[in-house]
Each structure stands twice: as structure tokens, then as C-alpha cells.
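Spelled out, the chains give:
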Amino acid sequence: MNMLNTGSRSEMTSRVHSVYLPLDFMTKRAKSIAVAVLVLLSYTAAPALAQAPPTAKGVLDQMIEALGGRAFLNVKEIQTNGRFFTFRRDEVAASDLYADFIRFPDAERTEFGREKQKRVQINRGKEGWNVNPPASGKAKDPADVKEQSQAEVDDFLENFKTSFDYMLRFVVNTPKTTLLLAGTETVEYKRTDILEIRDTAKNLLRVYVDRETHLPVKTQMRRTDNSVVHEETYANWHKFDDVMTPLMVVRYKAGVKTMEIRPEKVAYDPGLADSLFA
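If you're wondering where the values come from, they're calculated on a predicted model, not measured in any experiment.

Take the overall build of the chain next. Tallying secondary structure elements over the chain gives five helices and 13 strands in all. Within the span of the chain, comprising 278 residues, buried residues form 35% of the whole. Residue pairs in contact within the chain that sit at least 24 positions apart in sequence constitute 43% of those at least 6 positions apart.

Take a look at the structure:
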């Protein structure tokens, strides 16, 4: 019995070994094959997982979304109040209060100074007026109102319709307007994509878009009828009425700093009175 049992146990042990040894070997081989397949897949999938290069339309869409999306695009009126500083040879030459009222597509009223000495520029389409305090200096006397010259009206319309706010709302999606991604550049320690927008008159707006926030860092405008480049830089962004707004705007003309604009109050679609533009 014992011998039989010993023999049987030995036979069973031999059979067990004859079964498990090949399985162990196959398991190791399967693991090796699986690892090799995973490595191969990682190499073949790498190009697909790599981030696709940005496109002009993609950069534009991201910027508009960052500015507020539909809330930004649907704006019809803008009111800002704050302070501006003019510069000469990189030094402050003057400073005053301002109030600006815009009604798209072609009306703007800008007030400079305090109430008693306020100067006002009003434009409405092809009409324009300059309003100065009464020559007598007495507030009760009528203001000095003069129609703008044709050159002044034309200059206003050219500037207004090539501005960043106007171009993004009324120009970028019109036929024959071209979009081009013109490379990258570091601006104020921010890596930016350079988006070029050229309208049907061949005016060129170059927008430097922050790759992280997708907000514009600066813009450059070169009009077809004027080779001088006008530049604006933007900082200190805040949200008003669901629209992102810079509370620091710096202007340059041909590379020379000319003005700082510091809005303090901003309202979108506040329901401006028609009399502001009359």
C-alpha cells in the first residue's frame, strides 16, 4: 500500500510538473510579447497623441471665447469712464478724466476733462462735431460747437472701423477678409501666437494672442493709406457684463509711446441715450 501510494504520488507529481512547467514558460513568453506590443503601440500612437499645430481660425476662436464668446460678439454699446495720460519723450505730458460712449456700427462720443471745462468729440457716421467750453468761461453760456472737417470725419471712420473691437465683431467673418497665423513671439514674457487679419481694403491688424489665457497681449494696425504702425498693449484684464476688458491700455505710434488709458468703470449695452450722439 505504501509503495503503491508512494509510486502513485511520484507519478502524480511528475504529471503535475509536466503540466505546469510549460504553462509557466508560456506565461513568461506571453508577458514578453505583450510588453513588446505595448512598446510598439506607444511609438505608433505618439504622432496621433502629439498636439496639433495651431491654426489661424483656431487661435481666433479661442481668443473670442476667452473675451466672452457670444457676450463679446453681441455687444452693441460700450461705456467707459476713467483717466488718460499723454506722453512726450517717454514722460507724462498731461493727464485728465475721460468718458467714452460707443454705439456700433459707427457712432462715438468722447468727453475730456471735468464738467466746467469739458471738451467733447461726437461722431455719427459721416457727421461729426467738436464741442468746446464757452469762450467766456461761464458755464451758463452756450458751448462752442463746430462741425468737423471732412478730413476729420474720414479719419474717425478709418480709425473706428480698423479698431480691434470693430474688426473682431464686424470684419473677421466677412467675405474676402483673410486670416493668417504668422508665427510666434514672446511679448511681456508671454509666448504669443501672431494672428493677422486683413480686410477687403488691405488694412492689416496683427494680434498677439497669449497662448495660456488666449487673450490679446497687443495689437498692431497698419492702414493701407498710412504706413505708420499704431500699436496697443493690453493688461489688467477684468470681466464686466460677461465681457473681458483690459483696465490698462497703452498706445504707441511708430514705436513711440503716446498714451495710457486706464478705465475705471465699464458697462456693455447700458442703453445709451440717442442725444449723446446728436
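Now that the structure has been shown, the text picks up again.
Glancing now at the pairing of strand β5 (residues 127-132). Pairing of strand β4 (residues 119-124) with β5, which is carried by five bridges, proceeds in the antiparallel orientation. Within β5, the position partnered with Gln121 by the bridge is Asn130. Hairpin connection between β4 and β5: a loop of two residues separates the two successive antiparallel strands, and Gly125 in this loop has a positive phi of roughly 60°. Strand direction decides the pairing type here: β5 and strand β6 (residues 144-147), joined by four bridges, are antiparallel. Pairing of Val131 across the sheet is with Val145, part of β6.

Turning next to the pairing of strand β2 (residues 91-103). Note: strand β1 (residues 77-88) against β2, twelve bridges, orientation antiparallel. Residue Arg88 lies in a different strand from β2, and its bridge partner there is Glu91. The hairpin formed by β1 and β2 contains two residues between the paired strands, and Arg89 there has a positive phi angle of roughly 55°. Note that β2 and strand β3 (residues 107-112) share six bridges and pair antiparallel. For Arg103, the partnering residue across the bridge sits in β3 and is Ala107. Between β2 and β3, which follow one another and run antiparallel, lie three residues.

Here we come to the confidence of the model for the chain. Across the chain, the average pLDDT comes to 86, with 81% of residues at or above 70. Note that pLDDT drops below 50 for residues 44-48; the model gives that stretch zero contacts with residues more than four away or on any other chain.

This brings us to unusual backbone geometry. Phe104 connects to Pro105 through a cis peptide bond whose omega is 15°. Mapped onto the fold, Pro105 is located in the loop between β2 and β3. A positive phi angle, close to 55°, is found at Asn236, a residue other than glycine. One can find Asn236 in strand β11 (residues 229-240). Notably, Ala254 is not glycine yet its phi reads approximately 55°, a positive angle. Relative to the helices and strands, Ala254 is located in the loop between β12 (243-253) and β13 (256-268).

Taking 1.5 Å as the rise per residue, helix α2 (residues 56-67) with twelve residues should run 16 Å; its terminal C-alpha atoms sit 17 Å apart, in good agreement. Along α2, the residues that are buried comprise Ala56, Val59, Leu60, Met63, Ile64 and Leu67. Axial view of α2: buried residues confined to an arc of 130°, hence all on one face. Just downstream of α2 lies Gly68, where phi reads positive at about 135°.

As a further point, take the side chain of Lys118. In this fold, Lys118 is placed in the loop between β3 and β4. In this structure the side chain of Lys118 is engaged in a polar contact, spanning 3.1 Å, whose partner is the side chain of Glu111. Contact partners of Lys118, with chain neighbours within four places excluded, come to Glu111, Phe112, Gly113, Val131, Asn132 and Pro133.

Calculation criteria
Residues numbered from 1 in each chain as written. Predicted model: local features only at pLDDT ≥ 70, side-chain atom pairs only at ≥ 80, totals over all residues. Heavy atoms only, no water. Helix = DSSP H or I, 4+ residues; strand = E, 2+ residues; numbered from the N terminus. Buried < 20%, exposed > 50% of the residue type's maximum accessible area, 1.4 Å probe, protein only. Contact = heavy atoms within 4.5 Å. Pairing = 2+ DSSP bridges. pLDDT = per-residue confidence, 0-100. Expected span 1.5 Å × (residues − 1). Arc of directions from axis to C-beta. Polar contact = N/O pair within 3.5 Å; in protein donor to acceptor, adjacent residues only side chain to side chain.

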